[in-house]
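If you want the building blocks of each chain, they are given just below.
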Amino acid sequence: MRGIAAGAVAALVVLGLPSTATSARAAACANPSGPYTGAVSWGQRLVNPPRLWALTRGEGQTVAVIGTGVDKQNAQFGPGQVLGGAGTADSDCDGRGTIAAGIVGAQQANETTFTGVAPGVKLLPLRYTESNGSSSDGGGDPGALAGAIETAVDRGAGVILVAVPAGSDSPALGAALEHAKSRGAVVISAAAATQQGAHTYPTASKDVLAVGSTDESGAPVQTEAGDYLGIAAPGANLVSTSAGGGGAVAHRWPITDPSLAAAYVAGVAALVRSAHPELKGEQVVNRLTLTASRPPSGAHDPRRGWGMLDAYAAVSSTLPANAPGPSAAAVRSQLPAVVPAAAEARPTSDVAAGVVAVGGVAAAAAAGIGVAAFRRGRRRGWRPSRFRA
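Here's what I pulled together on the structure shown here. (Residues numbered from 1 in each chain as written. Predicted model: local features only at pLDDT ≥ 70, side-chain atom pairs only at ≥ 80, totals over all residues. Heavy atoms only, no water.)

1. Remarks on the state of the cysteines
Put simply, the test is: Pairs of cysteine sulfur atoms within 2.5 Å are identified as disulfides in what follows. Labels follow the DSSP assignment, with helices taken as runs of H or I lasting at least four residues and strands as runs of E lasting at least two, numbered in each case from the N terminus.
Considering all chains together, one arrives at 1 disulfide under this definition. Across a sulfur-sulfur distance of 2.0 Å, C29 and C93 are joined as a disulfide pair. Around the S-S axis, the bridge from C29 to C93 shows a dihedral of about -105° and counts as left-handed. In this pair, C29 sits in the loop between α1 (22-25) and α2 (42-47) while C93 sits in the loop between β1 (62-67) and α4 (96-105), placing the two residues 64 residues apart along the sequence.

Quick look at the structure:
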């Protein structure tokens, strides 16, 4: 069990947010940059939420956002979208929880070009730490994090986003993850450590979808690496909702924080659960990793997992419910044909994998990889695709 040295996670954090030192917290809470009206950010273009909404907006799903709380007063959260009740925290001095929640489920608004991935979801804000990576909390107490996960499970969250991972493990945290798995919840946590050899938790724990982060060129943002990394998503130069807006539509940008990659994956996981309610938690994880856009080799990358999140393929592809997750054998096997889906007219460039024709368990393992995603990944040399806004 290895902890993160003080400040390790905080080395790559939200630009312009206040110091995480406890003594400064009361005097320096998060402040917004204003309403964002610029070009749609690359992370949002990659996921392309409006294209997904023809299939689902995440209705019927509750996403727990575990970290520093969520400022429900930000006007990009819909009425009643941020849930209250026992254990919830609807304020956020630090600001990171609000940023993550916005990526997951912020509503469309005339004042901005920013929108969340799954605006139909409910957001369950849970605070287990006041700040991220401070010398006083070592990146967050794993026992407190375990309690927050238990609360999320008890409140019926189908997707549990650890927006601020802890710097160490604990038996209580392991038990909470087992409980979440038994209830069918998908736990998603980012590899956020920025010191060589450091690990974050529950990212490095079993029964968790561990997320690596990249910049627009496809280069990893975080230093943390391991065979437990499952998938990659945007984590640099992003836009999202800000705490401290006083009821207005308010944002922070540019944001570089590897933890935010997990928020993109959590939003897409909620869309998958909404579109495919029959899937168990591990089947949702398999779908996300099988449809990820592969590197040229098709092999696992210790900082980017099995590839870059491909949101449209994850939601729209037809895969057997019992398709196993990716493996070295799967990526080496011959890939089957891909049959285009008829769900909508799709753009001619950077088209995600459609309905995958499969037969048998062995073919299913390879099918999820997707010929289109694989070839596209080879052409781009790991760079994420760019959808037009």
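2. Let's talk about the layout of surface pockets
In this approach, a probe sized like a water molecule rolls over the atoms, and the result shows the empty space that is left. Note the cut-off: Grid spacing is 1 Å over the protein atoms alone, the probe is 1.4 Å, and a cavity is where that probe fits but cannot get out, while a pocket is an open set with protein on both sides within 12 Å along at least five of seven lines and lining residues have an atom within 4 Å of a point. Grid points are joined across faces, edges and corners, and a volume is the space filled by probe spheres set on the points. Under the grouping applied here, Gly and all other residues not named as nonpolar or charged are polar, the nonpolar ones being Ala, Val, Leu, Ile, Met, Phe, Trp, Tyr, Cys and Pro and the charged ones Asp, Glu, Lys and Arg.
In this structure, the largest pocket encloses a volume near 400 Å³. Looking at the largest pocket, it is lined by 21 residues, and the ones nearest its centre are D207, V208, L209, E282 and V285. Looking at the lining of the largest pocket, the elements with two or more residues in it are β4 (186-190), β5 (209-214), β6 (229-234) and α8 (281-290). No other element matches α8, which puts 5 residues into the lining of the largest pocket. For the lining of the largest pocket, the class distribution of residues is 10 nonpolar, 6 polar and 5 charged. Taken as a whole, the second largest pocket encloses approximately 160 Å³ of empty space. Every residue lining the second largest pocket is counted, 13 residues in all, and those nearest its centre are V40, Q44, P50, T113 and T115. At the level of secondary structure, the elements contributing two or more residues to the lining of the second largest pocket comprise α2 and α3 (49-53). A per-class count over the lining of the second largest pocket returns 6 nonpolar, 6 polar and 1 charged.

3. Let's talk about α4
Here is the rule: With a 1.4 Å probe rolled over the protein chains alone, any residue whose accessible area is under 20% of its type maximum counts as buried; one over 50% counts as exposed, and the rest are partly exposed.
Of all 10 residues in α4, 10 are buried, a share of seventy percent or more. Of the positions making up α4, those classed as buried are R96, G97, T98, I99, A100, A101, G102, I103, V104 and G105.

4. A short note on the side chain of S242
Put simply, the rule reads: Contacts are assigned to residue pairs with any non-hydrogen atoms lying within 4.5 Å of each other.
Here S242 is to be found in the loop between β7 (238-241) and β8 (251-255). For S242, the contacting residues outside a window of four places in its chain are N31, P32, N74, T98, A250, H251 and R252.

5. Regarding the pattern of salt bridges
Which entries qualify depends on this criterion: When a carboxyl oxygen of Asp or Glu lies within 4 Å of a side-chain nitrogen of Lys or Arg, that pair is called a salt bridge.
Enumeration according to the criterion identifies 7 salt bridges in this entry. Its salt-bridge partner being R96, residue D257 comes within 3.9 Å of it at the nearest N-O pair. Note that D257 is positioned in the loop between β8 and α7 (260-275) and R96 in helix α4, a separation of 161 residues in sequence. Of the two residues, D257 and R96, neither departs from the other in class, the shared state being buried. Put simply, K181 and D207 hold a salt bridge, and the shortest N to O gap is 3.3 Å. Residue K181 is located in helix α6 (residues 171-182), and its partner D207 is located in the loop between β4 and β5; the two are separated by 26 residues in the primary sequence. What makes D207 partly exposed here is its relative accessible area of 29%. Through salt bridges that share partners, D94, R96 and D257 make up one connected network.

6. What to know about the environment of R303
Tracing the backbone through its elements, the reader meets R303 in the loop between α8 and α9 (311-316). Each C-alpha atom of the pair R303 and G226 lies 6.7 Å from the other, and the pair is 77 residues apart in sequence. Contact partners of R303, with chain neighbours within four places excluded, come to G212, S213, P220, Q222, T223, E224, A225 and L229.

7. Some thoughts on α7
Put simply, the test is: Any helix carries an expected span of 1.5 Å times its number of residues minus one.
Helix length check: α7, at 16 residues, gives a terminal C-alpha distance of 23 Å against a target of 22 Å (1.5 Å per residue), a fit within 8%. Of all the 16 residues making up α7, 14 are buried; the element is thus mostly covered by neighbouring parts of the structure.

8. A short note on the environment of L288
Along the chain, the position of L288 falls in helix α8. C-alpha separation for the pair L288 and G325, spaced 37 residues apart in sequence, amounts to 9.0 Å. In this structure L288 touches L209, I231, V265, V268, A269, V272, L309 and A314, once residues within four positions along its chain are discounted.

Purely geometric stuff here, so don't read any function into it on its own.
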